[in-house]
Amino acid sequence: MTLEIPVAFFAGIIALIFWIIISCVTKQIRSKKILISLFILYMTVVVSITIFPIIIDSDLMPINDSSIILVPFSTITNLLENATLWTIVLQIIGNIIMTIPYGIFIPFMVKKKRWYNYLIYTLTFPLAIELTQLIICVSTNSFYRTVDIDDVILNSIGIIIGYGIYKILPKFVKEYFGNNRTAEKL
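Residue positions are counted from 1 within each chain, in the order its sequence is given. Thresholds applied to this predicted model are a pLDDT of at least 70 for local features of residues and 80 or more for the giving and counting of side-chain atom pairs; totals over whole chains, interfaces and linings are not thresholded and use all residues. Heavy atoms throughout the structure, all of them, feed into the side-chain values; hydrogens and water do not.

**Quick notes on the nonpolar core**
Phase 1: Note on terminology: a nonpolar core comprises buried Ala, Val, Leu, Ile, Met, Phe, Trp, Tyr and Cys residues joined through side-chain atoms within 4.5 Å. A 1.4 Å probe rolled over the protein chains alone gives each residue an accessible area, and that area as a share of the maximum for its type sets the label: buried under 20%, exposed over 50%, partly exposed in between. The biggest cluster of nonpolar side chains holds 14 residues, and the ones touching the most others in it are Y42, V46, Y102, I106, F125, I129 and I159.
Phase 2: Starting at the N terminus, helices and strands are each numbered in turn, a helix being any DSSP run of H or I of at least four residues and a strand any DSSP run of E of at least two. Looking at this core, the elements that each hand over two or more residues are α2 (30-50), α4 (85-109), α5 (115-140) and α6 (149-168).
Phase 3: Broken down by element, this core gets its largest block of residues, five residues, from α4.
Phase 4: Residue contacts are counted whenever heavy atoms from the two residues lie within 4.5 Å of one another. Other than its neighbours up to four places away in sequence, I106 contacts Y118, Y121, T122 and I159.

**Quick notes on the confidence of the model for the chain**
Phase 1: A residue's pLDDT is the predictor's confidence in that residue, given on a scale from 0 to 100. Mean pLDDT for the chain: 80, with 78% of residues reaching 70 or above.
Phase 2: Here helix α8 (residues 181-185) stands out as the least confident element of the chain, with mean pLDDT 46; helix α3 (residues 74-82) is the most confident, with 94.
Phase 3: In this model residues 180-186 is a low-confidence stretch, pLDDT under 50, and it forms 14 contacts with partners more than four residues away in sequence or in other chains.

**What to know about the layout of surface pockets**
Phase 1: Taken as a whole, the largest pocket spans an internal volume of roughly 550 Å³.
Phase 2: Using protein atoms alone on a 1 Å grid, points that fit a 1.4 Å probe yet trap it form a cavity, whereas open point sets bounded by protein on both sides within 12 Å along at least five of seven lines form a pocket; residues with an atom within 4 Å of a point count as lining. Lining the largest pocket are 24 residues; nearest its centre among them are Q91, N95, Q133, R145 and D151.
Phase 3: Of all the secondary structure elements, the ones that give two or more residues to the lining of the largest pocket are α2, α3, α4, α5 and α6.
Phase 4: Considering every element that reaches the lining of the largest pocket, the biggest residue donor is α4, with seven residues.
Phase 5: Counted by class, the lining of the largest pocket contains eleven nonpolar, eight polar and five charged residues. Grid points are joined across faces, edges and corners, and a volume is the space filled by probe spheres set on the points. Note on residue categories: nonpolar means Ala, Val, Leu, Ile, Met, Phe, Trp, Tyr, Cys or Pro, charged means Asp, Glu, Lys or Arg, and polar means any other residue, Gly included.

**Details of the environment of I34**
Phase 1: Mapped onto the elements, I34 comes out in helix α2.
Phase 2: Considering only alpha carbons, one finds I34 and S23, eleven residues apart in sequence, at a separation of 9.7 Å.

**What about the packing of aromatic side chains?**
Two aromatic rings, taken as a pair, are described by how far apart their centres are and by the angle between their planes.
Phase 1: Each pair of aromatic rings taken from Phe, Tyr and Trp, with Trp reduced to its six-membered ring, is defined by centres within 6.5 Å and is described as stacked if the planes are under 30 degrees apart, edge-to-face if over 60, and tilted in the remaining cases. Applying the stated criterion across every chain, the model contains eight aromatic pairs.
Phase 2: Between Y42 and F105 the ring centres are 5.9 Å apart and the planes differ by 40°, which places this aromatic pair in the tilted class. One end of the pair, Y42, is in helix α2; the other, F105, is in helix α4, with 63 residues separating them in the sequence. For the pair Y42 and F105, a shared accessibility class is recorded, and that class is buried.
Phase 3: Between Y118 and Y163, the aromatic rings sit 4.8 Å apart at their centres with planes inclined by 45°, giving tilted as the arrangement. Here the residue Y118 occupies a position in helix α5, and Y163 occupies one in helix α6, the gap between them amounting to 45 residues.
Phase 4: Judged by its relative accessible area of 13%, Y118 falls in the buried class.
Phase 5: Classification of Y163 by relative accessible area gives partly exposed; the value is 24%.
Phase 6: Among the aromatic residues, ring-to-ring pairing joins F39, Y42, Y102, F105 and F125 into one connected group.

**Some thoughts on the side chain of N155**
Phase 1: Mapped onto the secondary structure, N155 falls in helix α6.
Phase 2: Given a relative accessible area of 1%, N155 falls into the buried group.
Phase 3: Excluding residues within four positions of it along the chain, N155 makes contact with N95, M98, T99, P126 and I129.

**Overview of the side chain of S37**
Phase 1: Tracing the backbone through its elements, the reader meets S37 in helix α2.
Phase 2: Excluding anything up to four places from it in sequence, S37 contacts L16, W19 and I20.

**Observations concerning unusual backbone geometry**
Phase 1: Non-glycine residue F73 carries a positive phi angle of around 70°.
Phase 2: By the secondary structure assignment, F73 is in the loop between β1 (68-69) and α3.

Have a look at this one:
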């Protein structure tokens, strides 16, 4: 058994190293440095899981009716009725857990704290993942991944849970990262 580390992971680690070097040279608030470093690391992991590896093999899995699923809850229902517990955990719970950190990061990224800004961030991220998968699959003519509306739904649930966690974090964490001058400068 070999362990394959995707290119995205290496690229993300290199980006993180460059960010740390640049942030050490420039004058920035320490909490902002930590927050951006964590976000780069998080995005590296998400891209490594959702986008890479990119498989270019037209014989692998040509486009078919099950390549793009636009019926909400059809995959979730199918998994709950037919899949093993491990597959359910991996597909359903995994999609939710993967985006919880993004929901925690949203308040630090949104400058104007209005509900529709949070909604835009909540929907844009999972849609961007699925659209990227679709573009890669169409351009390589191999659907090794399924583009699924249920992934968008589950990812959005994860983001909402993450935002809820942010809202109930202890007061000292909010003050250190979000409710002081740091959030305004992010």
